Amino acid sequence: MLRSIATVLGAMVWLSATVEPSCADSWELPEVMTYPSANGRARMIVTPRDLDSQLAYFEDMVDGKATPGQREDGSKAARARVETIQGGQWRVVWDRPIPNGVAPVKAIVRDDGRYAATFDDWHGTGYGPNAVVLYGPDGKVVRRLSLGDVLPAFYVDALPHSVSSIDWRGVPRFSDNGSRIMLPIVIPEHGYVRDARTVDLTIRVSDGAASFADAWDWGRARTAGCRVYRAKLAAEAEHKAAFLAPLRRPTINDERSWHDYLNEARARRFGDGRSSWTTVLRKPDAPDYAVSEGWVRERLTDPTMGDAAFATLSEEHLVAVVRRIAASVPAWRMRGTTLYFAVSADRWSAIEAALRHTGATLVQFDPDVSIAQRRDRIASRYGA
């Protein structure tokens, strides 16, 4: 449920000092990566599965292929190799395929090379069974953990989400004695926080047992997550109620509200398949008024711009502007385009008369007449 909110809000680009930039939605094709240990005497080299291209990967994902984006002549699985310095040379400790579908996002290795771990899947941070994969001395998997294995579902939903990923952790490390992995878990907060607070989850390397380092700190983080989760539930309920309710003129006469009104009115009348420019004419006494009239002129005189939808902070003034601009538009100049206007009934006839000769298809959205939501949009978003 809450992931739909993140989709509506769009992609968030995370550049926190404690979270790798790869957790964001800008994903480059994965490359061979080398992860040194803290003292530099061990390293883990990760070789991703070879992809043809990002486009091929996404297309194959949609088609449900087992190895999306696979390059025919490339490696068929991700691999990892752990090496240690011995006698001044790198010696292989183990080398084997790893569970990640393409590549992990992050990896760490202990100074002696006996334990290593990878974190998250390429293009899906926080999703799936590979949030943490712990490897033992022979390279065999000690334990795989998903977020659901270590965090309550409400807490995961409360974490910051982008289109493809969940911002759930900071930079992992081994404890000073190497017996545990210290994994900073992001504490949910209202709004995105660049330097998010964290609470340490510990993972025992011998068996993968996970627990929080400080029960009191985890209790406070859990409480914070609960607050954010409840706020998101309330926001989603409010958004759903507005989506289902009849659409009426904005309660606030400002540009953002009218842009939203135009987009929603068009979708309710004609479905989500149509698109057009939305232009709001400002009040004539606004200091930045002139640019908004320029937008109106451009949309009404240039058919290459495509369909356009108009609203205004002053209906009376919009009528005067449309009349003045339309007088210079040649007959049939706008044939093939559709122009939508959010104006009341007593203004519509003047708009229609001014633009009739242009050949444009004219559509009125009367802000005083409510527009019901379409059944197909309800079914698409919330089910039948």
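As the structure is a prediction and not an experimental result, all values here were calculated from the model.

Caption draft 1: Molecular detail of the overall build of the chain. What the chain contains, in helices and strands, is 10 helices and 16 strands. Dimensions of the chain, computed from C-alpha atoms along their principal axes, come out at roughly 90 × 50 × 45 Å. Pairs at least 24 apart in sequence give 59% of the contacts found in the chain among residues at least 6 apart. If you sum the accessible surface of the chain, you get close to 19,200 Å²; carbon and sulfur atoms cover 51% of it.

Caption draft 2: Fine view of the confidence of the model for the chain. On average, residues of the chain score 91 in pLDDT, and 92% of them are at 70 or above. When the criterion is pLDDT under 50, residues 1-24 qualifies, and its contacts beyond four places in sequence or with other chains add up to 61 contacts.

Caption draft 3: Just the side chain of Thr202, in detail. Tracing the sequence through the fold places Thr202 in strand S11 (residues 198-204). Not counting residues up to four positions away in its chain, the partners in contact with Thr202 are Arg180, Ile181, Met182, Ala209, Ala210, Ser211 and Ala213.

Caption draft 4: Summary view of the pattern of salt bridges. Under the definition given, this model contains 23 salt bridges. The closest approach of N and O atoms between Asp95 and Arg79, which form a salt bridge, is 3.1 Å. Residue Asp95 is located in strand S4 (residues 89-97), and its partner Arg79 is located in strand S3 (residues 79-86); the two are separated by 16 residues in the primary sequence. Judged by relative accessible area, Asp95 falls into the partly exposed class, the value being 38%. Linking Asp288 and Arg282 is a salt bridge whose minimum nitrogen-to-oxygen distance equals 3.3 Å.

Caption draft 5: Structural detail: the sheet that holds S3. Strand order across the open sheet formed by four strands is S1-S2-S3-S4, with antiparallel pairing between neighbours. The sheet terminates laterally at strand S1 (33-36) and S4, the two strands that pair on one side only. Going from strand to strand, the sheet's axes swing by 20° on average, the running direction of each strand aside. Across six bridges, strand S2 (residues 42-47) lies against S3 in antiparallel orientation. Directly across from Ala42, in S3, lies its bridge partner Thr84.

Caption draft 6: Spatial organisation of the pairing of S11. Sheet topology places strand S10 (residues 180-186) next to S11; seven bridges connect them, and they run antiparallel. Bridge pairing links Leu183 to Leu201 in S11. As judged from the three bridges shared by S11 and strand S12 (residues 210-212), these two strands associate in the antiparallel manner. Bridge pairing links Thr202 to Ser211 in S12. The antiparallel hairpin formed by S11 and S12 contains five residues in its connecting segment, where Gly208 sits at a positive phi of about 80°.

Caption draft 7: Geometry of the packing of helix H8 (residues 315-326) against helix H9 (residues 345-355). Relative to each other, H8 and H9 sit at 10°, their axes nearing to 9 Å. Our classification of the angle between H8 and H9 gives roughly parallel. Taking contact as the criterion, the partners of Glu315, Glu316, Val319, Val322, Arg323 and Ala326 in H8 are, on H9, Arg347, Ala350, Ile351, Ala354 and Leu355. Its residues assigned to classes, the contact of H8 with H9 shows seven nonpolar, no polar and four charged.

Caption draft 8: Local environment of the packing of aromatic side chains. Taken as a whole and assessed by the stated rule, the structure comprises 13 aromatic pairs. What links up through ring pairs into an aromatic cluster is the set Trp27, Tyr57, Phe58 and Trp122. Here the basic side chain of Arg43 rests over the ring of Trp90, its NZ or CZ set 3.9 Å away from the ring centre. It is Lys240 that lies over the ring of Tyr382; its NZ or CZ is 4.8 Å from the centre.

Caption draft 9: Representation of H9 within the structure. Trp348, Ala350, Ile351, Ala354 and Leu355 are the residues of H9 that are buried. For H9, the secondary structure elements touched by its buried residues are helix H7 (289-301), H8, strand S15 (338-342) and strand S16 (361-365).

Caption draft 10: The arrangement of H8 in detail. The end-to-end C-alpha separation of H8 is 16 Å, in line with the 16 Å expected for 12 residues at 1.5 Å each. Listed as buried for H8 are Glu315, His317, Leu318, Val319, Val321, Val322, Ile325 and Ala326. On the buried face of H8, the contacting elements are strand S13 (277-281), H7, strand S14 (308-312), S15 and H9.

Caption draft 11: Quick look at unusual backbone geometry. Residue Asp120 is not a glycine yet carries a positive backbone phi of 70°. When you line up the elements, Asp120 lands in strand S6 (residues 116-121). Located in the positive-phi region is Trp332, a residue other than glycine, with phi close to 65°. Topologically, Trp332 is positioned in the loop between H8 and S15.

Caption draft 12: Examining the packing of helix H5 (residues 215-244) against helix H10 (residues 375-382) more closely. Close contact between H5 and H10 brings their axes to 11 Å; oriented N to C, the two are set at 160°. If you check the angle between H5 and H10, you find them roughly antiparallel. The handedness of the crossing between H5 and H10 is left-handed. From H5, His239, Lys240, Phe243 and Leu244 reach across to H10, where they touch Arg377, Ile378, Arg381 and Tyr382. Considering only residue class, the contact of H5 with H10 consists of four nonpolar, one polar and three charged.

Caption draft 13: Main features of the sheet that holds S6. Pairing in this open sheet of four strands is antiparallel, and the strands run S5-S6-S7-S8 from one edge to the other. If you trace the sheet from one side to the other, it starts and ends with strand S5 (104-109) and strand S8 (141-145), each paired once. Within the sheet, the average angular offset between the axes of one strand and its neighbour, ignoring direction, is 15°. The pairing of S5 with S6 spans five bridges and is antiparallel. Bridging across to S6, Pro104 finds its partner in Asp121.

What counts and what doesn't
Residues numbered from 1 in each chain as written. Predicted model: local features only at pLDDT ≥ 70, side-chain atom pairs only at ≥ 80, totals over all residues. Heavy atoms only, no water. Helix = DSSP H or I, 4+ residues; strand = E, 2+ residues; numbered from the N terminus. Contact = heavy atoms within 4.5 Å. Areas by Shrake-Rupley, 256 points an atom, 1.4 Å probe, with all protein chains shown as cover. pLDDT = per-residue confidence, 0-100. Salt bridge = Lys/Arg side-chain N within 4 Å of Asp/Glu carboxyl O. Buried < 20%, exposed > 50% of the residue type's maximum accessible area, 1.4 Å probe, protein only. Pairing = 2+ DSSP bridges. Axes fitted to C-alpha atoms, helices over the stretch in contact; angles between N-to-C directions. Parallel < 35°, antiparallel > 145°, perpendicular 65-115°, else oblique. Nonpolar A, V, L, I, M, F, W, Y, C, P; charged D, E, K, R; others polar. Phe/Tyr/Trp six-rings, centres within 6.5 Å; stacked < 30°, edge-to-face > 60°. Lys NZ or Arg CZ within 6 Å of the ring centre and 35° of its normal. Expected span 1.5 Å × (residues − 1). Left-handed = near helix turned anticlockwise from the far one by under 90°.

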